[in-house]
Amino acid sequence: MRDSRLGFGLLGAGLIAPFHARALQASALTELIAVADLDPARLEKMTSTFGCKGCDSLDAMLEDPEIDVISVITPNHLHHDAVVKAAAAGKHVLIEKPPAMSLAEVDSMAAACKAAGVKACVTVQCRARKAVQAIRAAIDNGRFGKIYHADAYMKWFRSTEYYKTDAWRVSRRSGAGVTINQAFHYVDLLQYLVGPAITVQARMNNLAHPEINLEDTLLAFIDYECGAQGVVQASTALWPGTDVRIEINGENGTAIMSGERMDTWKFRDDRPEDAEIRQYGSMSAATGATGAADLGFQDHQVVIEDLANAILNGGEPMITLETVRPTLEWSLAMYLSAKLGVPVTLPIQDETAVW
Ligand SMILES: NC(=O)c1ccc[n+]([C@@H]2O[C@H](COP(=O)([O-])OP(=O)(O)OC[C@H]3O[C@@H](n4cnc5c(N)ncnc54)[C@H](O)[C@@H]3O)[C@@H](O)[C@H]2O)c1
């Protein structure tokens, strides 16, 4: 820590790294100290752009007393070992989504952080959006009444070239399929807003990327414990890509978020604050629909500052490993369902059967 700012070290200098760096540099609570990557060219680009130290390994960052938090932003299948190692060295961790590739890994990461007395937080940053928080508050306050439907529609586009930029992006076991990679944020929103689920049924196929051996399209049906039903439609095959829609329909109201915008916010008991809520997200433009770099860093900043506050003032961050674990379980259940051709009841009995 320097000047009462928490020092961060980024493990990974790839596509998402500049978003973390910008968020850290925009915050009064945090400072970007170092970046580590195995790829010297990517490392050099990050250190020269953001004016921070460059390291060739996680170990070098773990020895740096100025670093309080390691942001694990390596490919999806590499998160677990880095998190366990960072926790053992007494560093707090910020973990990119999906937190890991198995529930056993998530439990092991959570246990390691607990044993070391460090905080862990996952960047499912869409939860931080004002429109999402408004929907969550309306659900908590019973404004929807009985919820009938909770759906996510992610009609995106990613080119074959995008998939070919890194070996992990074409490997299912590395977490490259649309279900566990791109759709994770929106499955997470359904889980966060309306979960838990009882059963998940899914169908997956490859519509537009014949050279890549992955599902680029997911159709899933969810039966929620609260009695609602839902659809997840997620694809990276649908050019040019349009804004994600999250739709919640209850007996007394409907909310539809498009991208970050609250497109529909209607309740039988119209309230004075509703006019302002209808404007939430209206200025946002970058929603990830058309390309992986089509993102703002502000949502990341909210999540990072929330973690920083938990470290500085005590308490848990808003997005813990425990609160994201069910999202991973739903995603794995979708893979299992698509593989077996039957609905899967939660909790998953044997996750080793998933792949
Ligand atoms: N929250 C979001 O909206 C969002 C958006 C994009 C990516 N992500 C997540 O961020 C993570 C990284 O994605 P990306 O698109 O930046 O991937 P990427 O492949 O572009 O970058 C990952 C980097 O990690 C480096 N790396 C791999 N192993 C390493 C090691 N042992 N030590 C140091 N560096 C190592 C690679 O060389 C690479 O530069 C993934 O978990 C992904 O799902 C999240």
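Residue numbers run consecutively from 1 along every chain, following the written order of its sequence. Since the coordinates come from a predicted model, pLDDT governs what is reported: local features require at least 70, and pairs of side-chain atoms require 80 or more to be given and counted, while whole-chain, interface and lining totals use all residues. Side-chain metrics rest on all non-hydrogen atoms present in the structure, leaving aside hydrogens and water.

Let's talk about the site of the ligand
Here comes step 1: Proximity is defined per residue: any heavy atom of the residue falling within 4 Å of a molecule or strand makes that residue near it. Near the ligand, the surroundings consist of 27 residues, among which Asp-37, Arg-42, Asn-76, Gln-125 and Trp-168 are the closest.
Here comes step 2: One of the side-chain nitrogen or oxygen atoms of Glu-96 is found 2.9 Å away from a nitrogen atom of the ligand.
Here comes step 3: In protein, a polar contact means a hydrogen-donor-capable atom and an acceptor-capable atom, both N or O and within 3.5 Å, with residues adjacent in sequence counting only if both atoms are side-chain atoms; elsewhere, any N or O pair within 3.5 Å suffices. Between His-185 and the ligand, the recorded distance is 3.1 Å, taken from a side-chain N or O atom to an oxygen atom.
Here comes step 4: Bound to the protein, the ligand loses 87% of the 850 Å² it would expose on its own.
Here comes step 5: Taken together, the residues of the shell around the ligand break down into 11 nonpolar, 10 polar and six charged. Here, Shrake-Rupley sampling with a 1.4 Å probe gives the accessible areas, and only protein chains in the shown set may cover a residue. In this count, Pro and Cys sit with the nonpolar residues alongside Ala, Val, Leu, Ile, Met, Phe, Trp and Tyr, while Asp, Glu, Lys and Arg are called charged and the others, Gly among them, polar.

Looking at helix α2 (residues 40-50)
Here comes step 1: Between buried and exposed lies partly exposed: a residue is buried under 20% and exposed over 50% of the maximum accessible area for its type, with that area taken using a 1.4 Å probe on protein chains only. For the purposes of this entry, the term helix denotes a DSSP run of H or I that reaches at least four residues, the term strand denotes a run of E that reaches at least two, and both are numbered from the N terminus. Burial in α2 covers these residues: Leu-43, Met-46, Thr-47 and Phe-50. Projected down its long axis, α2 carries its buried residues within an arc of 95°, all on one side. Of the exposed residues in α2, the ones pointing more than 90 degrees away from its buried face are Ala-41, Lys-45 and Thr-49.
Here comes step 2: Each element contacted by the buried residues of α2 is listed here: β1 (6-11), α1 (17-26), β2 (30-36) and β3 (53-55).
Here comes step 3: For α2, the N-terminal capping position is held by Asp-39, with its side-chain oxygen 3.0 Å away from the main-chain nitrogen of Ala-41.
Here comes step 4: Just beyond α2, the residue with positive phi is Gly-51, at close to 65°. Think of it as the arc spanned by the lines of direction from the helix axis to the C-beta atoms. Contacts: residue pairs with any heavy atoms within 4.5 Å of one another.

Here we look at α1
Here comes step 1: The element α1 is largely enclosed, with a buried count of seven among its 10 residues.
Here comes step 2: Restricting attention to buried positions, one finds in α1 the residues Ala-17, Pro-18, Phe-19, His-20, Ala-21, Ala-23 and Leu-24.

A few points about the sheet that holds strand β14 (residues 344-345)
Here comes step 1: The strand order across the open sheet built from eight strands is β13-β12-β11-β7-β10-β9-β8-β14, with neighbouring strands paired in mixed fashion. This sheet does not close on itself; its edge strands, each paired only once, are β13 (261-267) and β14.
Here comes step 2: Criterion used throughout: strands pair if DSSP finds at least two bridges between them. Relative to strand β10 (residues 229-235), strand β7 (residues 147-155) runs parallel, the two being bridged by five bridges. Within β10, the residue paired with Met-154 across the bridge is Ala-234.
Here comes step 3: The strands touched by helix α6 (residues 130-140) are β7, β11 (245-250), β12 (253-258) and β13; relative to β13, the strand with the most contacts, the crossing angle is about 20°.
Here comes step 4: Axis lines are fitted through C-alpha atoms, for helices just across the contact stretch, and the angle between N-to-C directions can take any value from 0 to 180 degrees. In the packing of helix α11 (residues 321-340) onto the sheet, contacts are made with β8 (197-205), β9 (217-224), β10 and β14, and the angle to β8 comes to roughly 55°.

Quick look at the nonpolar core
Here comes step 1: Residue types Ala, Val, Leu, Ile, Met, Phe, Trp, Tyr and Cys, when buried and joined through side-chain atoms within 4.5 Å, form a set referred to as a nonpolar core. Counting residues in hydrophobic clusters, the biggest one holds 115 residues, and the most contacted among them are Ile-246 and Met-334.
Here comes step 2: The contact partners of Ile-246, leaving out residues within four places of it in the chain, are Asp-151, Ala-152, Tyr-186, Leu-189, Leu-190, Leu-193, Ala-255, Ile-256 and Met-257.
Here comes step 3: Counting residues in each nonpolar core, the second largest holds five residues, with Tyr-162, Tyr-163, Ala-176 and Ile-212 among its members.

Quick notes on the pairing of β9
Here comes step 1: For β8 and β9, the ladder comprises eight bridges, and the chain directions are antiparallel. Across the sheet, Met-204 pairs through a bridge with Leu-218, a residue of β9.
Here comes step 2: Across seven bridges, β9 lies against β10 in antiparallel orientation. Its bridge partner being in β10, Asp-223 is matched across the sheet by Gln-229.
Here comes step 3: The turn linking β9 back onto β10 is made up of four residues, and Gly-227 within it adopts a positive phi angle of 105°.

Details of the sheet that holds β2
Here comes step 1: Read from one edge to the other, the open sheet built from six strands follows the order β3-β2-β1-β4-β5-β6, with strand pairing classed as parallel. Only two strands of the sheet have a single partner each, and these edge strands are β3 and β6 (120-123). Ignoring which end each strand starts from, the neighbouring axes of this sheet average 25° apart.
Here comes step 2: Of the strand pairs in this sheet, β2 and β3 are connected by three bridges, and their pairing is parallel. Pairing of Val-35 across the sheet is with Gly-54, part of β3.
Here comes step 3: Along the sheet, helix α10 (residues 298-313) makes contact with β1, β2, β4 (69-72), β5 (92-96) and β6, crossing β5 at roughly 160°.

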